[in-house]
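# Residue-level structure breakdown
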Amino acid sequence: MSMTTEAIGKRSLARFVLFLFGLSLPIWILGAEYDVELFSGFKLFQLPLAMPAVAALILTFREQGRDGVVALLGRCLDFPKIEPKTWLLAIFFLYPSIGLFTVAMQRMLGIPIPSPHFSVIVLLGYSTVFFLTFGEELGLTGYAIDPLQERYSSLMSGILLGLIWAGYHIPGFIISGYYTYEWIVWHALYIVAGRVLFVWIYNNSGKSLFSTALCHWTFGLFWSFWPQDNLQQAVPFYRPDVTAAAAVVYVLVVVFFWGPQTLARFRYSQQIGRAHV
């Protein structure tokens, strides 16, 4: 058994989930009671978005000690693992394409949508979000996904991890007071489907944590071109039902072509290989 396999075998997903929600619960309670802005555009009730990393680092230290923590943090810089580099196209354009589809569908229905505002300043500002994605991906990808895939198919692992991902977002949506329960349910479905797509990216890009963090960053990149004064609130024309439907269609396409077991065995790879012989 390799050291990597041994390390994965020591991980407890039940403890990870308990730690994640146990750390988050008091913050949600305080965030619901006190309207505290920790820094521009980020309020106290949103702090649990960093708890996957905190839970993962605590558990990794208990299971593997300092060396395990260093190794986990080192995965934040594993960009060279992304192979083949053609997968960067999927990483960068997967989520913006869903946003583009959502806007196009609404415009076809005659819904007025303002023109996007392309700005270097906006893009640079949103680039800081990339570093915040590691607060989630260190836990969800760095700690949880590999042991899940040892037990279940990649499709099921993505769904289960997506439910966890949606689960610790929902209290923040409720506390913010901006969204209806219908909006939250549809967006939660979008999140779950999105995590399956993250697993597909991860399994096909050298199991690079950096790849999922980069894909995660694009999750809201498209919508950043419609800047909002209130960063806790989605753009008014965002339709989670449309984005969820598009994401589910993407998942069905991925499952058809790459298979549910690994999401990494392209159905026609042998035919393509023979065509090049």
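## A look at the overall build of the chain
Helix and strand counts for the chain come out as 12 helices and 2 strands. Helices (α) and strands (β) of the chain occur, in sequence order from the N terminus, as α-α-β-β-α-α-α-α-α-α-α-α-α-α. By the compact-globule yardstick of 19 Å for 277 residues, the chain fits well, its C-alpha radius of gyration being 19 Å. Projected onto the principal axes, the alpha-carbon positions of the chain cover approximately 55 × 50 × 35 Å. Scored against the burial criterion, the 277 residues of the chain give a buried share of 50%.

## Overview of the environment of Gln228
Along the chain, the position of Gln228 falls in the loop between helix H10 (209–218) and helix H11 (240–258). Accessibility expressed as a relative area gives 30% for Gln228, which makes it partly exposed. Along the backbone, Gln228 and Phe266 are 38 residues apart, and their C-alpha atoms lie at a distance of 40 Å.

## A look at the pattern of salt bridges
For the structure on display, the rule yields 6 salt bridges. Arg195 serves as the salt-bridge partner of Glu137, at 2.9 Å between the closest nitrogen and oxygen. Of this pair, Glu137 sits in helix H6 (residues 129–151) while Arg195 sits in helix H9 (residues 181–204), and the two are 58 residues apart along the sequence. The burial state of Glu137 is the same as that of Arg195; both residues are buried.

## Topic: helix H3 (residues 51–74)
In a regular helix each residue adds 1.5 Å, so 24 residues correspond to 34 Å; H3 covers only 18 Å between its end C-alpha atoms and thus falls short of that length. A maximum bend of about 135° is found in H3 at Gln64.

## Points about the packing of helix H4 (residues 87–108) against H10
Relative orientation of the contacting elements H4 and H10 amounts to 25°, with a least axis distance of 8 Å. If you check the angle between H4 and H10, you find them roughly parallel. Remark: the crossing between H4 and H10 carries right-handed chirality. Seen from H4, the contacting residues are Leu88, Ile91, Phe92, Leu94, Tyr95 and Pro96; seen from H10, they are Ser211, Leu214, Cys215, Trp217 and Thr218.

## Brief notes about the nonpolar core
Burial of nonpolar side chains together is a common tendency in soluble globular proteins. Counting residues in each nonpolar core, the largest one holds 76 residues, and the members touching the most others are Phe16, Tyr95, Tyr190, Leu197, Trp200, Trp223 and Trp226. Of all the secondary-structure elements, those providing two or more residues to this core are helix H2 (13–33), H3, H4, H6, helix H7 (154–167), H9, H10 and H11. Residue contributions to this core peak at 14 residues, all from H9. Contacts of Tyr190, omitting those with residues within four sequence positions, involve Tyr95, Ile98, Phe219, Tyr238, Thr243, Ala244 and Ala247.

## A short note on the side chain of Arg75
Summarising the element assignment, Arg75 is placed in the loop between H3 and H4. Among buried Asp, Glu, Lys and Arg side chains, Arg75 stands out as unpaired, with Asp78 the closest opposite charge at 4.0 Å. A distance of 3.1 Å separates the side chain of Arg75 from the backbone oxygen of Lys207, its partner in a polar contact. Contact partners of Arg75, with chain neighbours within four places excluded, come to Thr141, Gly142, Asp146, Tyr202, Lys207, Leu209 and Phe210.

## A look at a nonpolar patch on the surface
Judged by side-chain polarity, Leu30, Tyr34, Val36, Leu38, Phe39 and Leu132 come together as a nonpolar surface patch covering roughly 550 Å² of accessible area. By relative accessible area, which is 44% here, Leu30 ends up partly exposed.

## Examining the environment of Tyr126
Of note, Tyr126 is situated in helix H5 (residues 120–127). In the structure, Tyr126 is positioned 13 residues away from Gly139 in sequence and 22 Å away in space, judged by C-alpha atoms.

## Points about empty space enclosed by the protein
With the rule as written, the count across this model stands at 1 cavity of 30 Å³ or more. Considering only enclosed or pocket space, the largest cavity measures out at about 40 Å³ in volume. As for the largest cavity, its lining consists of Leu140, Thr141, Ile145, Leu161, Arg195, Phe198, Val199, Tyr202 and Thr212. Elements with a minimum of two residues in the lining of the largest cavity: H6 and H9. Ranked by residues supplied to the lining of the largest cavity, first place goes to H9 with 4 residues.

## Thoughts on the state of the cysteines
Applying the stated rule across the entire model yields 0 disulfides. Of all cysteine sulfurs, the one in Cys76 lies closest to Cys215, which takes part in no disulfide; the gap is 16 Å. Since its relative accessible area comes to 0%, Cys215 is described here as buried.

## Let's talk about the packing of aromatic side chains
Applying the stated criterion across every chain yields a total of 32 aromatic pairs. Between the aromatic rings of Phe130 and Phe131, the centroid separation amounts to 5.7 Å while the plane-to-plane angle is 65°, which identifies the pairing as edge-to-face. Using a relative accessible area of 13% as the deciding quantity, one classes Phe130 as buried. Given the relative accessible area of 60%, Phe131 is considered exposed. Measuring from centroid to centroid gives 5.2 Å for Phe130 and Phe134, while their planes differ by 75°, and the two rings are edge-to-face. Of this pair, Phe130 and Phe134 both sit in helix H6, separated by 4 residues, roughly a single helical turn.

Cut-off values and rules
- Residues numbered from 1 in each chain as written.
- Predicted model: local features only at pLDDT ≥ 70, side-chain atom pairs only at ≥ 80, totals over all residues.
- Heavy atoms only, no water.
- Helix = DSSP H or I, 4+ residues; strand = E, 2+ residues; numbered from the N terminus.
- Rg over C-alpha atoms; globule rule 2.2 N^0.38 Å.
- Buried < 20%, exposed > 50% of the residue type's maximum accessible area, 1.4 Å probe, protein only.
- Salt bridge = Lys/Arg side-chain N within 4 Å of Asp/Glu carboxyl O.
- Expected span 1.5 Å × (residues − 1).
- Bend = angle between axes of the 7 residues up to and from the residue.
- Axes fitted to C-alpha atoms, helices over the stretch in contact; angles between N-to-C directions.
- Parallel < 35°, antiparallel > 145°, perpendicular 65-115°, else oblique.
- Left-handed = near helix turned anticlockwise from the far one by under 90°.
- Contact = heavy atoms within 4.5 Å.
- Core = buried A, V, L, I, M, F, W, Y, C linked by side-chain atoms within 4.5 Å.
- Lys, Arg positive; Asp, Glu negative; His and termini not counted.
- Polar contact = N/O pair within 3.5 Å; in protein donor to acceptor, adjacent residues only side chain to side chain.
- Patch = residues over 30% accessible without salt bridge, like charges linked within 9 Å, V, L, I, M, F, W, Y side chains within 5 Å.
- Areas by Shrake-Rupley, 256 points an atom, 1.4 Å probe, with all protein chains shown as cover.
- 1 Å grid on protein atoms, 1.4 Å probe; cavity = no way out; pocket = protein on both sides within 12 Å on 5 of 7 lines; lining within 4 Å.
- Points joined across faces, edges and corners; volume = space filled by probe spheres on them.
- Disulfide = S-S within 2.5 Å.
- Phe/Tyr/Trp six-rings, centres within 6.5 Å; stacked < 30°, edge-to-face > 60°.

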